[in-house]
2 protein chains.
Amino acid sequence: MNELTINLKNHSKIPLYEQIYDYIKSNIQTGRIPYGEKLPSTRALSKHLEVSRSTVELAYEQLLSEGYIESAPYRGFFVAQIDELYHLERGQEKLRIYKEEKKKYRYDFTPNGVDLNSFPYNVWRKLSKDILIDDKTELFRSGDPQGEYGFRNAISNYLYQARGVNCSPEQIVIGAGSDYILMLLSMILGLEHRIAFEDPTYKQAYRLVKGLSYPTVTVSVDRFGMKVSELEESEADIAYVTPSHQYPTGIVMPIRRRMELLKWAYQKEGRYIIEDDYDSEFRYKGKPIPALQGYDVQGKVIYLGTFSKSIAPAIRLSYMVLPESLMEAYHTQASFVNSTVSKVDQQIVQKFIEDGYYERHLNKTRALYKNRHDVLIEALRPMEDICKISGENAGVHLLLTFENGMTEEELISRAYEQDIRVYGMSDYCIKEEQGRKPTILLGYANLSEQDIREAVKLLNQCWR
Amino acid sequence: MNELTINLKNHSKIPLYEQIYDYIKSNIQTGRIPYGEKLPSTRALSKHLEVSRSTVELAYEQLLSEGYIESAPYRGFFVAQIDELYHLERGQEKLRIYKEEKKKYRYDFTPNGVDLNSFPYNVWRKLSKDILIDDKTELFRSGDPQGEYGFRNAISNYLYQARGVNCSPEQIVIGAGSDYILMLLSMILGLEHRIAFEDPTYKQAYRLVKGLSYPTVTVSVDRFGMKVSELEESEADIAYVTPSHQYPTGIVMPIRRRMELLKWAYQKEGRYIIEDDYDSEFRYKGKPIPALQGYDVQGKVIYLGTFSKSIAPAIRLSYMVLPESLMEAYHTQASFVNSTVSKVDQQIVQKFIEDGYYERHLNKTRALYKNRHDVLIEALRPMEDICKISGENAGVHLLLTFENGMTEEELISRAYEQDIRVYGMSDYCIKEEQGRKPTILLGYANLSEQDIREAVKLLNQCWR
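Residues numbered from 1 in each chain as written. Chains lettered and ligands numbered in written order. Predicted model: local features only at pLDDT ≥ 70, side-chain atom pairs only at ≥ 80, totals over all residues. Heavy atoms only, no water.

## Examining the overall build of chain A
- The number of helices and strands found in chain A is 14 helices and 16 strands.
- The principal-axis extents of the C-alpha atoms in chain A amount to approximately 95 × 55 × 50 Å.
- Classification of the 464 residues of chain A by burial places 58% in the buried group.
- For chain A, the proportion of contacts with a sequence separation of at least 24, taken over those separated by at least 6, is 71%.
- For chain A, the exposed surface amounts to about 20,400 Å²; the carbon and sulfur share of it is 46%.
- Charged side chains of chain A number 59 positive and 65 negative; the gap between the two group centres comes to 3 Å. (Helix = DSSP H or I, 4+ residues; strand = E, 2+ residues; numbered from the N terminus. Buried < 20%, exposed > 50% of the residue type's maximum accessible area, 1.4 Å probe, protein only. Contact = heavy atoms within 4.5 Å. Areas by Shrake-Rupley, 256 points an atom, 1.4 Å probe, with all protein chains shown as cover. Lys, Arg positive; Asp, Glu negative; His and termini not counted. Charge placed at Lys NZ, Arg CZ, Asp CG, Glu CD.)

## Some points on the interface of chain B and chain A
- Facing the 106 residues of chain B at the interface are 105 residues of chain A.
- Here chain B packs against chain A, burying approximately 8,800 Å² in sum over the two surfaces, 61% of which is carbon and sulfur.
- Inspection of the chain B/chain A interface yields zero salt bridges.
- Applying the counting criterion to the chain B and chain A interface returns 19 residue pairs in polar contact (both at pLDDT 80 or more).
- A per-element tally of the side of chain B that touches chain A places helix H10 (residues 255–267) of chain B first, with seven residues. (Buried area = accessible area lost by both parts, 1.4 Å probe. Salt bridge = Lys/Arg side-chain N within 4 Å of Asp/Glu carboxyl O. Polar contact = N/O pair within 3.5 Å; in protein donor to acceptor, adjacent residues only side chain to side chain.)

## A few points about empty space enclosed by the protein
- Applying the stated rule across the entire model yields 13 cavities of 30 Å³ or more.
- Taken as a whole, the largest cavity encloses approximately 260 Å³ of empty space.
- As for the largest cavity, its lining consists of 25 residues, and the residues nearest its centre are Ser342(A), Val344(A), Asp345(A), Val344(B) and Asp345(B).
- Mapped by element, the contributors of at least two residues to the lining of the largest cavity are helix H4 (121–132) and helix H11 (343–354) of chain A together with helix H4 (121–132) and helix H12 (343–354) of chain B.
- Examining the composition of the lining of the largest cavity, we find that five residues originate from one element, H11(A), more than from any other.
- Taken together, the residues of the lining of the largest cavity sort by class into 16 nonpolar, four polar and five charged. (1 Å grid on protein atoms, 1.4 Å probe; cavity = no way out; pocket = protein on both sides within 12 Å on 5 of 7 lines; lining within 4 Å. Points joined across faces, edges and corners; volume = space filled by probe spheres on them. Nonpolar A, V, L, I, M, F, W, Y, C, P; charged D, E, K, R; others polar.)

## Quick look at the pattern of salt bridges
- This structure, assessed with the given rule, holds 37 salt bridges over all chains.
- Across the pair Arg106(A) and Glu454(A) runs a salt bridge, and its minimum N-O distance is 3.9 Å. One end of the pair, Arg106(A), is in the loop between strand E2 (76–79) and strand E3 (107–108); the other, Glu454(A), is in helix H14 (residues 449–462), with 348 residues separating them in the sequence.
- Given the relative accessible area of 28%, Glu454(A) is considered partly exposed.
- One salt bridge connects Glu138(B) with Lys343(B), and the closest N-O pair in it is separated by 3.7 Å. Residue Glu138(B) is found in helix H5 (residues 137–140), and its partner Lys343(B) is found in helix H12; the two are separated by 205 residues along the sequence.

## Describing the packing of H4(B) against H12(B)
All names here are of chain B.
- Across the interface, H4 lies against H12 with an axial gap of 9 Å and an inter-helix angle of 125°. When the axes of H4 and H12 are compared, the pair comes out oblique. The handedness of the crossing between H4 and H12 comes out as right-handed. Facing H4, whose interface residues are Val123, Trp124, Leu127, Ser128, Ile131 and Leu132, H12 presents Val344, Gln347, Ile348, Val349, Lys351 and Phe352.
- Within the contact of H4 with H12, the residues separate by chemical class into nine nonpolar, two polar and one charged. (Axes fitted to C-alpha atoms, helices over the stretch in contact; angles between N-to-C directions. Parallel < 35°, antiparallel > 145°, perpendicular 65-115°, else oblique. Left-handed = near helix turned anticlockwise from the far one by under 90°.)

Next up, the structure:
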C-alpha cells in the first residue's frame, strides 16, 4: 500500500493523529486493509496527508501498542494477524430489568426502620468539615486494614462501658456493614464449619452465610432463646445468636442459658459463638442487658456490632471483636484485606463517640422510640382480646400473636387493603413449624405517634 | 432471706436501683446468695433500705430480665439456678502484638504510591459540604445494594468515553475497594471454579482469591501477556488478567492476544475473563489502550475498576461491570448484600466526575507522573550499561532488569544501606522461574523530581 487517503478534519476536536489512528484501525478491523499489508512509511504518509511526521508517528505508535500493526526493522510497518472475532455483531439482547416496583404504603410498620429526623445533621456536617479542614494528606493515604487504631480504641471503650464487652483495640476489626464483616469472618474461620441459626432469625445473616457456601442448621427457640440441647445434637460447631434481644422474637437470653451456650462452646476445640448485638442500644426499662461476650473466659465468642442501626442505615460501619484465639488466624488469613471504610468516615464516627454526641444521640432516639413504643402499646390495648403482645421493653418492634382464626397472610392482606404494611413472622422463619400461631411484627421506629394511633385504629377494624 | 443490707450511696452517680442490682447480682455470682434462696419482697426491702418501692422493683426487674432471679406467682422472687462457669478467672494471656515496625526510608520507590499533594482537597471539601448542606434524610437512608443509580450512570458514561467499556448502569456494582468486589464476585460465581493468574501478578488479588478458597493455577507471561496456549492446557475456567497494563511487567496485551483470550472464553460455557483495569488512567504516550471488555461480544468479560488508585487510596470505591450473562446470578445470589459504600461518598464522587473535576484531576496527576517518569528515565540513563529499562510509557513504575551479576536480594540490600527502598520482582512472582533475571521495580508516583535524581545517583553508585 502506497497511499492512504484519509479525509482529515483540521478543525475537529479529535486530534489529527487520532483521526489517522481511527481510520487505519477501523480499516484493519473490517478487513479493508488485510493482514500482512505494508503501511506507507511515516514520511510518505505525512507528505501525502500534509501533516507533520510526528503526527503520523504518534498514530503508528498507538496502533503498535494496541497490536494492530507490527514493525519490522528496516522494512517498515505491517498489519498484524488478528482473529476475526470482533466482526461478530454484539448481541442485541435486552437487559432484563430487575427493578421491583416498590409500593409506597401510607403506614409502614417496618421492623428495620430508623428515625432519621432525629439524625444530628448539623453535628455530622461540622465534624465532617473539621476533619477535612486541613489539607491532611495523611487522611487520604491507605489506612490500617483493621481500621484506625484511635477509632478502634473509642469503640473498645464504648463497648466496655455500654455493653460489658471486654476487649482491647487489637481485637476489633472495622468493616463497611455487617454483611461485609461476615464475609471477612469467613476468611478467618475458613469454610470447614457448620453454622447453627436460631429459627426464626435475622434472615440477612442467614442468607449471607448460605451465600458464602457454609452448611447451616436451624435450632429452634424457646422462651429463653436458642435451645442448647438441640444445638448439641446438631453437627454445628458455630452458633449464630442474638442473646441481648433475639431477632425477631425479642427474647432476652437469661444468664442460665447463656452459661449453657458457653459450656457448649467450651466442650470442643473449634467451636465458636457469633453474638450479633444488633440493636442492644434500644432498651426502655432498666439497664442494657450485658453482652454474652463479657462472660466468656475462654475466647469463644465473636462479637458483632454496628453503627448502621444506631446512627443511620447509610453509615456503613460495623465491626467485630475477635477472641484472642482467632487473632492469629486473622493475621495470617485476612489482615491483608484492605479496609472497606474510608478514614474520613472513621474519624467522623470516632469524634462522634469521643465528644459525647453518640451518647446524646442514643439518649435522644431511645426516648423517641420509647414514646412511640408506649403509644403503640397503648393503642393496641383495645386489641388485647384478639392478640397477645410480646417483645416489649426493647428493640424497635413488637409482636402480635393472633388466635382470632385469621392466617398471617390474611392479616397482612387485610392491612394492605387499608394501605398499611405489616410484616409476618414467616419472613423470619427458616423452617415453617407446624401449628405456629400467626404472628405479626409491628416496627415503630419510623412512624410518628400520630401515625401509629391512626394506623392501629384501622388495624383494629380490619382484623376483626 | 429476710434482709439484704446494702450500703447505698445517695450521692453517687450510680442510680440507687443500679446499686441494689449490682449488689445482688455480684452476690449471686459469687455464690453468697445461693440458688433457690428467696429474696425479700420489694415492699420489705424498700422499707429496710429506706428507698421507694419502685426503686427496688426496677432492680428486681433488671435481675429478672437478665435471668439471675425468677418470680413465682404469689410466692415472690427466687435466685435462679446458673452454671458456675463465670467463676473461672479470665486467662491473663498477653495479646501478641502484630504491629510490624515500619521502617521509614529516606527514598521509597513504592510501586503503589499515589501523589497526595495534588489531591484536590478544596474541591472535595466543597462537594462534601454541599452534599451535607440540606438536612436530607434521604441521604442517610439505606441505599441501593448495587450502588446509587445516578452514580452508576456517571461511571458508565465515564467508562464508555475513557475506556471503551460498553455497559449500562444496570451492569455496574459498586463496592468499598477491590478486595470487597472480589468477595462479592465470588458469591455470584460460586466456588466451583479454577482461577488462572498471570505470573508475575498483582499478589493482593491472588491472595484474596486463595483466601476465598478457590483453586488457582498460574500461567506464565510472554511479551504479549498471559500465554493463552498455556491457559488452554490448565484446567482453569476463569482467567484473571491485566491487559491494559500487565502488573507488574507493564506489558500491553496486543489485539491479537486479546482475541485469543476471548476465543478461549467463548469455547466453553462457564468460562470468564476478569479484566482488572487497575491503573489504565496513567499512560503518557498516545491514547489510553481500550479495555478488553469493549471487544467482548458474548458477555464473558467481568471488568474491574477502582477510584482508589486514580483519586486516593483512602477513597474506598471500586466497581465491577458484570456481563449480562451474570446479571441473573447477581440478582439471585448477591443483590441482597447491602452496599458497602455510604451514599455521601457515592454522591461526592458522582459530582466529582460529573462536574469535570475527575478529568481535571486525572490530567493533573498524569502530567505530574509523566514528569517524574521522564526525570527517572533521564536519571537512569548512566545505568544503561548495567540494566535494561522496561515498562515505560504507562503506569507509575519502571522495571530494571540486571545482568551485572548481582542478585535481587543484593540489589535491594545495597539500596537499603543507602536508605532507599526498592522492590524486587520476586514479590510479584507466584512460582519462581529458574534463571529469571534479577529485576527491580521503581515506582515514582510518590517521589519528587529532586528526590528521584538524588536517589538514582546513589543507586548508580551502590549497584556497581
